[in-house]
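# Structural overview
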Amino acid sequence: MLELSKVSKLFFPGTPDEKAALIGINLTLKPGDFVTVIGSNGAGKSTLMNIISGVVTPDSGDVRIGGNVVSELPEYKRGRWIGRVFQDPMAGTAPHLTIEENLAIAYVRGKKRGLSFGITRSKRAFFQEQLKKLGIGLDTRLRAKVGQLSGGERQALSLLMATFTEPQILLLDEHTAALDPARAELITRLTESIVREMKLTTLMVTHNMEQAIRLGNRLIMMDKGRIILDIDEERKKGLTVEQLLREFENISGHKMADDRVVFG
Amino acid sequence: MHAIWNSIPGAIELGLLYALMALGVYITFRILDFPDLTVDGSFTTGGAIAATMITHGASPWLATIAACLGGCAAGAVTGLLHTKGRINGLLSGILMMIALYSINLRIMGRPNISLLGEGTIFNSLSILAFMVGVVLVIVVLLNLFLKTDLGLALRATGDNARMIRSFGAHTDHTIILGISLSNGLVALSGALVAQQAGYADNSMGIGMIVIGLASVIIGEAILGARTILWATLAAVFGSVVYRIVVAMALQVSWLDASDLKIITAVIVIVALIIPTAQRSWKQKHAARKRSAELADMLTAAGGER
């Protein structure tokens, strides 16, 4: 489904600030894989997400989605295959548009946007049904401006918008990090049920170690632009946060340096 | 007092003629969040194309449509400069405005063209009735457009460009489309104003962006902007109110017609400052009240213990 081969990316090449964000990354996701990604600050997790979604183009190596090489395609052209939820709850929705207008924008993901009405009666019924699944009462507020929603509600809406058209790949970029614990738990639960129900191929970056172990069927650990550990479903089952941290120190030779890391 | 009342019908008429320009400014300024200074040039472009074609014997209807298309083209160039050329938004507008100054002179062949004795749209029509119809039709069309998939993408571009890109829309294209549409309306307004005034002049567009902003802001201050329909109607209403204010200001004996520009600037400044000041005052007030409540609750709880 998703395949990265020998992908490298340098920032500020040839200057004193040169930084190797990704070095020779090889990563293959099978259809339906749900992979969690952890790593210290500056490990290249965000760059990995940006390389896949097309915000950043790799210096070398190939990105394939469903067998097609997409390395040079700009972000808006990859939008049809990739759903994405950002860390910032404000990033995934348009605040001055209503809930149903936001959903209408997501509904035509990657299709040609023409002069047919964004919201029709049948689409509205569909949106309502989808919102009901979130279970937080948004289905009664279709015409409320998204700017009036709380951070948690906006993030739930972003998650729905990113997934309800069944994209081939779902990218979650620390999408619960900016929320309070109760909201984060709600979004985590929704993520789990949506990904399982739709069998979405998912890559999720997280700072929460416990979450990284609990969710998904595979865990990868990054450090200094490399994938240093790849844990399959079997091994992941019995894993504890302590073991994971010890493993990290053994391989990387330093402690997990991350002021935001949550041990669960 | 009498003179003021007499000037009102004329002011409403002018307000509706310039309302199309205000709607254009609304598209760039409010929907795209792009301060587009092309307007000063493209307004004249509209007047210049219409006047030139009419004096060369073209049908005034055809001339008006051509003027509108000319404005669209000018706007598209500004959009291209900004998106493909990566030039700062304000600067792309200014560059296009300056370029249009020469282009407009080329179109007209001289600094001004009189339309006296020529057949214009308004020869056989009541300006007021016609403009009410035109403005209504354009407001309705604009509202319908902004509810289509493309229109929603345009609105999202100004609201959250990163989000709409992640859903597969090319924001360069939506920006170019929006600026083009906006300047089409501005040039249409210029073409109609030239026909109403009976001449086109190379300086007729100077200060137009500020008048457009004034209309949008005055309308929002009075009517609010809860929905798109409301906001577009507010722009039209603001344009009419602006003309009435100007008409009244001109009745004041110590003000000259040449003071119009500073009156406009002052209106915009006041209309921009008041809502911001109001909002911050409200927020401070609410925060103070809420803090006091919380403190009281704490003391009360402490008292019980």
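Residues numbered from 1 in each chain as written. Chains lettered and ligands numbered in written order. Predicted model: local features only at pLDDT ≥ 70, side-chain atom pairs only at ≥ 80, totals over all residues. Heavy atoms only, no water.

Here the focus is the packing of helix H3 (residues 99-107) of chain A against helix H5 (residues 151-163) of chain A. All names here are of chain A. Direction vectors running N to C along H3 and H5 enclose 30 degrees, while the axes themselves pass 9 Å from each other. On the basis of their axis angle, the class for H3 and H5 is roughly parallel. When the axes of H3 and H5 are compared, the crossing they make is right-handed. The segment H3 lies against H5, with Ile99, Asn102, Leu103 and Ala106 engaging Leu157, Leu160 and Met161. Partitioned by chemical class, the residues of the contact of H3 with H5 number 6 nonpolar, 1 polar and no charged. (Axes fitted to C-alpha atoms, helices over the stretch in contact; angles between N-to-C directions. Helix = DSSP H or I, 4+ residues; strand = E, 2+ residues; numbered from the N terminus. Parallel < 35°, antiparallel > 145°, perpendicular 65-115°, else oblique. Left-handed = near helix turned anticlockwise from the far one by under 90°. Contact = heavy atoms within 4.5 Å. Nonpolar A, V, L, I, M, F, W, Y, C, P; charged D, E, K, R; others polar.)

Take the domain arrangement of chain B next. Residues and elements named next belong to chain B. Its domain assignment divides chain B into domain 1 (2-251) and domain 2 (258-305). Each of domain 1 and domain 2 has a C-alpha centre, and these two points are 35 Å apart. Contact residues are listed per partner, giving 10 residues for domain 1 and 8 residues for domain 2. For the pairing of domain 1 and domain 2, the buried interface totals around 860 Å² over both sides, and the portion due to carbon and sulfur atoms is 88%. Three residues stand out in domain 1 for area buried against domain 2, namely Val210, Ile217 and Tyr242, and they jointly supply 39% of the buried area on that side. Inspection of the region where domain 1 meets domain 2 yields 0 salt bridges. Applying the counting criterion to the domain 1 and domain 2 interface returns 2 residue pairs in polar contact (both at pLDDT 80 or more). When contributions to the side of domain 1 that touches domain 2 are tallied by element, the ones reaching two or more residues are helix H9 (208-223) and helix H10 (228-251). (Domains from an automatic or database assignment. Buried area = accessible area lost by both parts, 1.4 Å probe. Salt bridge = Lys/Arg side-chain N within 4 Å of Asp/Glu carboxyl O. Polar contact = N/O pair within 3.5 Å; in protein donor to acceptor, adjacent residues only side chain to side chain.)

Attention now goes to the state of the cysteines. Scanning the model with the defined rule gives 0 disulfides over all chains in all. Just so you know, B:Cys68 is unpaired, no disulfide at all, and the nearest cysteine sulfur is the one on B:Cys72, 4.7 Å from it. (Disulfide = S-S within 2.5 Å.)

Turning next to the side chain of B:Ser42. Structurally, B:Ser42 is set in helix H2 (residues 39-55). Not counting residues within four places of it along the chain, the set of residues in contact with B:Ser42 comprises B:Ala74, B:Leu100, B:Asn183, B:Val186 and B:Ala187.

For the rest of this paragraph, the subject is the nonpolar core. Burial of nonpolar side chains together is a common tendency in soluble globular proteins. Core analysis: the largest hydrophobic core is formed by 66 residues, its most contacted members being B:Leu20, B:Met21, B:Leu23, B:Met131 and B:Leu192. Secondary-structure elements contributing two or more residues to this core are helix H1 (2-31), H2, helix H5 (127-145), helix H8 (171-197), H9, H10 and helix H11 (260-304) of chain B. Not counting the four nearest positions on each side in its chain, B:Leu23 is found in contact with B:Ile138, B:Val139, B:Leu142, B:Leu185, B:Thr232, B:Ala235 and B:Val236. The next biggest cluster of nonpolar side chains, apart from the first, holds 42 residues, and it includes A:Leu157, A:Phe164, A:Leu172 and A:Leu186. (Core = buried A, V, L, I, M, F, W, Y, C linked by side-chain atoms within 4.5 Å. Buried < 20%, exposed > 50% of the residue type's maximum accessible area, 1.4 Å probe, protein only.)

Let us now look at the pattern of salt bridges. Residues and elements named next belong to chain A. Going through the model one piece at a time under the given rule, you end up with 18 salt bridges over all chains. We note a salt bridge from Lys133 to Glu197, for which the minimum N-O separation is 3.8 Å. Here Lys133, found in helix H4 (residues 121-134), pairs with Glu197, found in helix H6 (residues 181-198); they are 64 residues apart in sequence, far enough to count as distant. Note on accessibility: Lys133 and Glu197 belong to one class, exposed. When salt bridges with common partners are traced through the structure, they connect Asp33, Arg218 and Asp230 into a single cluster.

Okay, a nonpolar patch on the surface next. On the surface, a cluster of nonpolar side chains totalling about 450 Å² of accessible area is made up of A:Phe117, B:Val137, B:Val140, B:Leu141 and B:Leu144. Among the structural elements, A:Phe117 can be located in the loop between H3 and H4. Given the relative accessible area of 42%, A:Phe117 is considered partly exposed. (Patch = residues over 30% accessible without salt bridge, like charges linked within 9 Å, V, L, I, M, F, W, Y side chains within 5 Å. Areas by Shrake-Rupley, 256 points an atom, 1.4 Å probe, with all protein chains shown as cover.)

This part is about H9(B). Residue and element names in this part refer to chain B. In this model H9 runs 22 Å from its N-terminal to its C-terminal C-alpha over 16 residues, within 8% of the 22 Å that 1.5 Å per residue would give. Counting buried positions along H9 yields 12 of 16 residues, so the element is predominantly enclosed. Inspection of H9 places Met208, Ile209, Ile211, Gly212, Leu213, Ala214, Ser215, Val216, Ile217, Ile218, Gly219 and Glu220 among the buried residues, and these make up the whole buried set. Note on H9: the residue one or two positions beyond its end, Gly224, has a positive phi of about 80 degrees. (Expected span 1.5 Å × (residues − 1).)

All names here are of chain A. Summarising burial for strand S7 (residues 169-173): 5 of the 5 residues are buried, a large majority. Pairing of S7 with strand S8 (residues 201-205) involves 5 bridges; the strand directions are parallel. Residue pairing across strands places Ile169 opposite Thr201, the latter belonging to S8. This β-α-β element, S7 to H6 to S8, shows right-handed connectivity. (Pairing = 2+ DSSP bridges. Right-handed = clockwise from strand over helix to strand, strands pointing away.)

What follows deals with the packing of aromatic side chains. Residues and elements named next belong to chain B. Using the criterion set out here, one finds 9 aromatic pairs over all chains in the structure. Seen from their ring centres, Tyr18 and Phe43 are 5.7 Å apart, and the 15 degrees between their planes marks the pair as stacked. Taken together, the positions of Tyr18 in helix H1 and Phe43 in helix H2 put the pair 25 residues apart, joining distant regions of the chain. Note on Phe122 and Phe130: the rings are 5.8 Å apart at their centroids and 75 degrees apart in plane angle, and the pair reads as edge-to-face. With relative accessibility at 17%, the residue Phe130 sits in the buried group. (Phe/Tyr/Trp six-rings, centres within 6.5 Å; stacked < 30°, edge-to-face > 60°.)

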